[in-house]
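Examining the three-dimensional arrangement
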Amino acid sequence: MQNQSILLILALLLWPLTACKTEIISPAPVPAKTPSSSNTSEPAKSAIVSQVSPISPNINQLKAADWSQLKEWEQDTLLPAWTAFLQSCNALNKQLLWRETCKKASTIKQPTDNTIKHFFKHHFTPYQVLNLNGSTEGLITGYYEPLLKGSRTPSQQYRYPLYAPPDELLVIELADVYPELKNLQLRGRLEGRKVVPYYSRAEIENEPTSLKGRELIWVNDQVELFFLQIQGSGRIIMENGEILRVGYADQNGYPYQSIGKLLAQRGELPLERASMQGIKQWGQQNPDKLTELLHQNSRYIFFRELPNNLSGPIGALGVPLTAGRSLAVDPRAIPQGAPVFLSTTWPNSNKPLNRLMVAQDTGSAIKGGVRADFFWGFGPEAAIQAGKMKQKGKMWVLLPKNFSSQIQAQK
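Residues numbered from 1 in each chain as written. Predicted model: local features only at pLDDT ≥ 70, side-chain atom pairs only at ≥ 80, totals over all residues. Heavy atoms only, no water.

Section: the pattern of salt bridges
Counted under the stated rule, the structure contains twelve salt bridges. Note that Arg 201 and Glu 205 form a salt bridge whose closest N and O atoms lie 3.7 Å from each other. Taken together, the residues Arg 201 and Glu 205, both in helix 5 (residues 201-206) and four residues apart, mark about one turn of the helix. Relative accessible area serves as the criterion here: at 2%, Arg 201 is assigned to the buried category. Put simply, Glu 145, Arg 235 and Arg 245 are held in one network by salt bridges that share partners. (Salt bridge = Lys/Arg side-chain N within 4 Å of Asp/Glu carboxyl O. Helix = DSSP H or I, 4+ residues; strand = E, 2+ residues; numbered from the N terminus. Buried < 20%, exposed > 50% of the residue type's maximum accessible area, 1.4 Å probe, protein only.)

See the structure below:
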């Protein structure tokens, strides 16, 4: 058995695999009620039907802390984070670790900053999040919900399709056979009797016949579509003025490749300008090189159409995200749904940004203990802030008291 496990792990290293989200993305389709990636705060309970399995984070990456370590905790306006936490409870209340805490939270009918602070201090313990090497500082980036122009029918103007997941896409849960590979999946397709990797971005776009009939919408901009895939969800304004929401449904199983870093390595852009805005500008100036560059990121995202009456896009937890209060994290270090106190700075600034957030999403580029993606919401300002955010930061996750003993009891 041990030799088989070693062989499988070696095979995984040679075959694209994912442990969760894009760039920011929800990992699995949610039943007939799944939103995309935006702002807002009103709970849309009909859309919050997601199976969230119990999560046992790596306790070695969490260090018990004191509330005094959370800078500006006492000054934070907590109601937006409280609303986001109640959203989390819609998914977490079926888990033993969270059931009692969420039940008590639901009894607070008119929350104020003081009652919220008292609740967290009484029922939670802060843990500082560590990297595997024991360091406490990491990278904080941003994401948002973009707006694209689209049509239900293809034309010369609208010629770039968003695809629904193909029927032939296989998703293999490795933990079903090897529990030690929990949270790892393989994606592929059948070729005769063999399971082989699914088509790459270049193969899909050069030979799209395998996806014929899976088109949801056509959009007018190749680069905007690429960044929609990076963000994981968005809105599309149609020719008749109707606005649709789309969200992540699945992906082809390849690792994420940063084209910004690639442009810097090629000497096409200085690294400090390799932001989303800088890449878009480079694409406008170099249309003949654009397609080849985009194909270097072999990862490809499939979408689903979402209801328009949702308060925000759906994250990996299966609940709507809240602008300025939802975080994408690595669930191997921080449990999905947990409150997280973030200490960082505003994009391209030394101005402190210290506030209570909630871990509600994840992504293929979000790996490590102190690593997070800050959800800025929808609109031009959100796009600007997300595009330029690349800050250093620290994080403290708030977990129910007696968390460690409950985790051990579940193992």
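Observations regarding the state of the cysteines
Scanning all chains against the criterion turns up one disulfide. Across a sulfur-sulfur distance of 2.2 Å, Cys 89 and Cys 102 are joined as a disulfide pair. Taking the torsion about the sulfur-sulfur bond, which here is approximately -80 degrees, the covalent link between Cys 89 and Cys 102 counts as left-handed. You can see Cys 89 sitting in helix 2 (residues 79-92) and its partner Cys 102 sitting in helix 3 (residues 96-105), a full 13 residues away along the chain. We classify Cys 89 as buried; its relative accessible area is 6%. (Disulfide = S-S within 2.5 Å.)

Here we look at the pairing of strand 6 (residues 160-163)
Residues of strand 6 alternate between two faces, with Tyr 160 and Leu 162 on one and Pro 161 and Tyr 163 on the opposite face, all of them buried. Bridge count for strand 6 against strand 10 (residues 215-219) is four bridges, and the pairing is antiparallel. Each bridged residue has a counterpart across the sheet, and for Leu 162 the counterpart in strand 10 is Ile 217. (Pairing = 2+ DSSP bridges.)

Comments concerning the sheet that holds strand 11 (residues 233-238)
In spatial order, the strands read 6-10-5-11-12-13; together these six strands make up an open sheet with mixed pairing. Across the chains shown, the open sheet's two edge strands, defined by having one partner strand only, are strand 6 and strand 13 (301-306). With direction set aside, neighbouring strand axes in the sheet form an average angle of 45 degrees. Along the sheet, helix 6 (residues 222-231) contacts strand 5 (147-151), strand 6, strand 10, strand 11, strand 12 (243-251) and strand 13; its crossing angle with strand 6, the most-contacted strand, is approximately 20 degrees. (Axes fitted to C-alpha atoms, helices over the stretch in contact; angles between N-to-C directions. Contact = heavy atoms within 4.5 Å.)

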